[in-house]
Amino acid sequence: MRVISGIYKRRRFDIPKNFKARPTTDFAKENLFNVLIKYIDLDDQATAADLFAGTGSISIELVSRGCTRVVAVEADKAHHAFICKIMKEVGTDRCYPIRGDVFRYIHQCTESFDLIFADPPYQLERLAQLPDLILEKGMVKPGGLLVLEHGKEHQFDTHPAFAEKRVYGSVNFSFFRIPEK
């Protein structure tokens, strides 16, 4: 059984073995949050979206670090139920799990966030389109950040909003920054 561990009350959550999700490794997640602090203050009324939320490990980390509102979008019924269960167990009302297709959510979204984290399946056909879809929709506030987790076969360094890329083993994070107005 895999485990989610995080800062939130130093609790551990057993992930069912039959889950198809590929949780972000603890090593990559720790380094991700070390980089995020140079871009965004999560304690300062920050809002976030966790797209392709999987096990909810990023969502719970965002809540634990002070985000006032985290929307976690996950299509899989069992994964969504697991995220709901975790949030109930830790007693937070700051995470809003949504069961649904991420592309449909992006199309219908009317909200803007300080931070969007997207961790799609690495083989997703439309993965390369995600930054444009999210940014053109205005889902990231001015001064905000989109972080896309992806495999090594995707390169985004020529994208106009690209800020930097970090690699931790097989995990690649591309950061897209929206300038302040």
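Report on the accompanying structure. None of these values were measured; they are calculated from a predicted model.

Moving on to the packing of aromatic side chains. Applying the stated criterion across every chain, the model contains seven aromatic pairs. With a centroid separation of 5.7 Å and an interplanar angle of 15°, the aromatic rings of Y39 and F175 are classed as stacked. Of this pair, Y39 sits in helix α1 (residues 26–39) while F175 sits in strand β9 (residues 171–177), placing them 136 residues apart in sequence. For the pair Y39 and F175, a shared accessibility class is recorded, and that class is buried. Each residue in the set F27, F117, Y168 and F173 is aromatic and connected to the rest through ring pairs, giving one cluster. A cation sits over an aromatic face here: R69 above Y96, 4.3 Å from the ring centre. A cation over an aromatic ring shows up here: R126 above the ring of F103, its NZ or CZ 4.0 Å from the ring centre.

This paragraph deals with the nonpolar core. The biggest cluster of nonpolar side chains holds 33 residues, and the ones touching the most others in it are L32, L62, L115, V147, F173 and F175. Of all the secondary structure elements, the ones that give two or more residues to this core are α1, α2 (57–64), β4 (69–74), α3 (77–90), β6 (113–118), β7 (140–150) and β9. Top contributing element to this core by residue count: α1, with six residues. Listed in part, the 25 residues of the second largest apolar core include C109, F113, L146 and L148.

Let us look at the pairing of strand β8 (residues 162–168). Inspection of the sheet shows β8 paired to β9 by six bridges, in the antiparallel sense. Across the sheet, residue R166 finds its bridge partner in β9, namely F173. Remark: two residues form the turn of the hairpin made by β8 and β9, two consecutive strands paired antiparallel; G169 in that turn has positive phi of roughly 65°.

For the coordinates displayed, the defined rule picks out six salt bridges. As a salt-bridge pair, E61 and R65 come within 3.0 Å of each other at their nearest N and O atoms. With relative accessibility at 24%, the residue R65 sits in the partly exposed group. The shortest N-O distance in the salt bridge between R166 and E164 comes to 2.5 Å. Given a relative accessible area of 27%, R166 falls into the partly exposed group. Relative accessible area serves as the criterion here: at 12%, E164 is assigned to the buried category. Linked through salt bridges whose partners overlap, the residues forming this network are K38, E164 and R166.

Reading the values: rules and limits
- Residues numbered from 1 in each chain as written.
- Predicted model: local features only at pLDDT ≥ 70, side-chain atom pairs only at ≥ 80, totals over all residues.
- Heavy atoms only, no water.
- Phe/Tyr/Trp six-rings, centres within 6.5 Å; stacked < 30°, edge-to-face > 60°.
- Helix = DSSP H or I, 4+ residues; strand = E, 2+ residues; numbered from the N terminus.
- Buried < 20%, exposed > 50% of the residue type's maximum accessible area, 1.4 Å probe, protein only.
- Lys NZ or Arg CZ within 6 Å of the ring centre and 35° of its normal.
- Core = buried A, V, L, I, M, F, W, Y, C linked by side-chain atoms within 4.5 Å.
- Pairing = 2+ DSSP bridges.
- Salt bridge = Lys/Arg side-chain N within 4 Å of Asp/Glu carboxyl O.

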